[in-house]
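Close look at the chain arrangement
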Amino acid sequence: MNPKYKDLFQPLTLPNGVELRNRFVLAPLTHISSNEDGTIADREIPYMESRSKDVGMSISAATYVTELGQAFPGQPSIAHDSDIEGLKRLAAAMKKNGAKAIVQIHHGGVQALPEYTPNSDVAGPSAMELKSFRQEHTHTAREITEEEIEQTIKAFGAATRRSIEAGFDGVEIHGANGYIIHQFVSPHFNKRSDKWKAPFLFATEVVDEVVNTVNEYGNDDFIIGYRFSPEEAYNPGIKMELTEQLIKRLIEKPLHYLHASLMHIHGDVHEGEYAGQNRIELLHKWVNGRMPLIGIGSIFTADDAINALNTGVELVAVGRELLLDHAFVGKIKEGKEDEIISYFDSEDPNKHELPEPLWQQFKAGFYPLPSKEDAE
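I will try to describe carefully the structure that is included in this document. (Residues numbered from 1 in each chain as written. Predicted model: local features only at pLDDT ≥ 70, side-chain atom pairs only at ≥ 80, totals over all residues. Heavy atoms only, no water.)

**A few points about the overall build of the protein chain**
- Across its full length, the protein chain holds 12 helices and 14 strands.
- For 376 residues, the compact-globule estimate of 2.2 N^0.38 gives 21 Å, and the C-alpha radius of gyration of the protein chain, at 19 Å, lies within 12% of that figure.
- Taken over the C-alpha atoms alone, the protein chain extends approximately 55 × 45 × 45 Å along its principal axes.
- The proportion of buried residues among the 376 residues of the protein chain is 61%.
- Within the protein chain, contacts between residues at least 6 apart in sequence are counted, and of these 69% link residues at least 24 apart.
- For the protein chain, the computed accessible surface area is about 15,000 Å², with 44% contributed by carbon and sulfur atoms.
- Of the side chains in the protein chain, 37 bear a positive and 57 a negative charge, and the two mean positions are spaced by 2 Å. (Helix = DSSP H or I, 4+ residues; strand = E, 2+ residues; numbered from the N terminus. Rg over C-alpha atoms; globule rule 2.2 N^0.38 Å. Buried < 20%, exposed > 50% of the residue type's maximum accessible area, 1.4 Å probe, protein only. Contact = heavy atoms within 4.5 Å. Areas by Shrake-Rupley, 256 points an atom, 1.4 Å probe, with all protein chains shown as cover. Lys, Arg positive; Asp, Glu negative; His and termini not counted. Charge placed at Lys NZ, Arg CZ, Asp CG, Glu CD.)

Here it is, written out as structure tokens:
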């Protein structure tokens, strides 16, 4: 191994005493490859096993906690006890080579897709018409009722219990990317007039439900993480000032890591009091060493990875690059970083060893990926 990359392979102990073997995390990536009913498909197993092989921690694709929350075709489900058997296979594959296996628990809220929800029903903090991510058409979402809010919070707890029974090492609460927890935080999505208008109430209630479930069904080794998006483009919307308040609440909870969802780890704050300041450095300062912070965003080379770690974050999540080259981490460890594949080859005879649905979406531009010309 080139000595300049050695810090990427230092172990890290989480606040609950669980040790991760290195600083790499497989980011949660939509793969649209589960069975139509949300159960784990055979094609997911080798895909997730290969992407988890060398990282310290592996996070599954967003996995819906209720059918009302499905936001992608081919999205995995953790909404029913009948899902557990397939999830056991997935957890075993992710853990097989030493990574800690985390399932990301998710609800789409207003971003759920009516073609996949019961009776084409879509609900979130407030009624609105919108175009879903990666969709060409618009749909209408209704305001979720207070009773349904309580049921949704309980569903995150039930999903946590199922993840424990399936053998996962932890859960990541998906509070980012415009989905339901993010929506309650955001003044763009949340225009309620009842108690749920408070931006952090739903998020903290979900966290408490997950923690209480782990206390009842799990043990101290079970990992709980929380993913958040620090800024959004809407006005009004989530800005860094609001995220600072959110982080101050989250670090008081018995969580084991926070995960900042970013397109570029070195990006600066867009506007407001902190405009022009480095985003990840601010977030790390606000976390104040209370728990590890995962950084992510446009990491395609060994130098990208070490430069990300050098921002101060304790863990580096790699997403698109591990789709392009599942041996990315292993090649760095073996001193073969010059052999890393860091671009999408639409003519690759092995199709980057991706499940067929994901390969087809890659070709259609589902994920923004470097081309061969970009890599050169």
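**Concerning unusual backbone geometry**
- Of the consecutive residues Asn235 and Pro236, the connecting peptide bond is found in the cis state with omega at 0 degrees.
- For Pro236, the position within the fold is in the loop between β11 (223-228) and α6 (240-250).
- In this structure, Lys351 takes a positive phi of about 50 degrees despite not being glycine.
- Structurally, the position occupied by Lys351 is in the loop between α10 (328-333) and α11 (356-363).
- Among the residues examined, Lys351 registers a relative accessible area of 31% and is labelled partly exposed.

**Brief notes about the environment of Leu14**
- Assignment of secondary structure puts Leu14 in the loop between β1 (12-13) and β2 (19-20).
- Put simply, Leu14 and Ser186 are 172 residues apart on the chain and 29 Å apart in space, counted from C-alpha to C-alpha.
- In this structure, Leu14 is in contact with Leu20, Ile223, His256 and Pro292, ignoring residues within four places of it in sequence.

**Points about the sheet that holds strand β9 (residues 138-143)**
- Taken together, the 3 strands give an open sheet; going across it, the order is β7-β9-β8, and neighbouring strands pair in mixed fashion. The sheet is open, and its two borders are formed by β7 (123-124) and β8 (128-131), each paired with just one other strand.
- Pairing analysis gives 4 bridges linking β8 to β9, with the strands arranged antiparallel. The residue of β9 that forms the bridge with Glu129 is Thr140. (Pairing = 2+ DSSP bridges.)

**Digging into helix α3 (residues 146-166)**
- If you check α3, its first and last C-alpha atoms are 30 Å apart, about what 21 residues at 1.5 Å a residue would give, namely 30 Å.
- One or two residues past the end of α3 sits Gly167, with phi positive at roughly 95 degrees. (Expected span 1.5 Å × (residues − 1).)

**Concerning the nonpolar core**
- Ranked by size, the top nonpolar core spans 99 residues in total, and within it Phe24, Tyr226 and Leu258 carry the most contacts.
- Once residues within four sequence positions are removed from consideration, Tyr226 is found in contact with Glu172, Ile173, Gly175, Ile181, Ala203, Val207, Leu246, Leu250, Leu255, Tyr257, Leu258 and His259.
- In this structure, Leu14, Val25, Ile102 and Ile296 belong to the second largest nonpolar core, which totals 15 residues. (Core = buried A, V, L, I, M, F, W, Y, C linked by side-chain atoms within 4.5 Å.)

**Concerning the pattern of salt bridges**
- Taken as a whole and judged by the stated rule, the model has 23 salt bridges.
- Of the charged contacts, one joins Arg162 and Asp81 as a salt bridge, the two residues approaching to 2.8 Å between their closest N and O atoms. With a gap of 81 residues between them, Arg162 in helix α3 and Asp81 in the loop between β5 (63-64) and α2 (84-95) connect regions that are remote in the sequence.
- Overall, the relative accessible area of 10% leaves Arg162 in the buried class.
- Using a relative accessible area of 43% as the deciding quantity, one classes Asp81 as partly exposed.
- Note that Glu334 and Lys336 form a salt bridge whose closest N and O atoms lie 3.6 Å from each other.
- Through salt bridges that share partners, Asp81, Arg161, Arg162 and Glu165 make up one connected network. (Salt bridge = Lys/Arg side-chain N within 4 Å of Asp/Glu carboxyl O.)

**Describing the packing of α6 against helix α7 (residues 279-287)**
- In the contact formed by α6 and α7, the axes pass within 9 Å of each other and the chain directions differ by 30 degrees. When the axes of α6 and α7 are compared, the pair comes out roughly parallel. The hand of the α6/α7 crossing is right-handed. Contact residues: α6 offers Met240, Thr243, Glu244 and Ile247, while α7 offers Arg279, Leu282, Leu283, Trp286 and Val287.
- Taken together, the residues of the contact of α6 with α7 break down into 6 nonpolar, 1 polar and 2 charged. (Axes fitted to C-alpha atoms, helices over the stretch in contact; angles between N-to-C directions. Parallel < 35°, antiparallel > 145°, perpendicular 65-115°, else oblique. Left-handed = near helix turned anticlockwise from the far one by under 90°. Nonpolar A, V, L, I, M, F, W, Y, C, P; charged D, E, K, R; others polar.)

**Points about the environment of His107**
- One can find His107 in the loop between β6 (100-106) and β7.
- A residue is classified by how much of its surface remains accessible, and His107, at 1% relative accessible area, is buried.
- Residues His107 and Leu309, 202 residues apart in the sequence, show an inter-C-alpha distance of 30 Å.
- Filtering out sequence-adjacent residues up to four positions away, His107 remains in contact with Val65, Thr66, Leu68, Gly69, Ala123, Thr152, Phe156, Tyr179 and Ile180.

**Brief notes about the pairing of strand β14 (residues 315-318)**
- Of the two faces of β14, the one lined by Leu315 and Ala317 and the one lined by Val316 and Val318 are each fully buried.
- As paired elements, strand β13 (residues 293-296) and β14 share 3 bridges and run parallel to each other. Note on β14: the bridge partner recorded for Ile294 is Leu315.
- In this view, the connection linking β13 to its parallel neighbour β14 by way of helix α8 (residues 302-309) has right-handed handedness. (Right-handed = clockwise from strand over helix to strand, strands pointing away.)

**Regarding the packing of aromatic side chains**
- Inspection of the entire model under this criterion finds 10 aromatic pairs.
- Centroid distance Phe344 to Trp359: 5.4 Å. Interplanar angle 55 degrees. Geometry classified as tilted. Residue Phe344 is found in the loop between α10 and α11, and its partner Trp359 is found in helix α11; the two are separated by 15 residues along the sequence.
- Residue class for Phe344 comes out buried when judged on its relative accessible area of 15%. (Phe/Tyr/Trp six-rings, centres within 6.5 Å; stacked < 30°, edge-to-face > 60°.)

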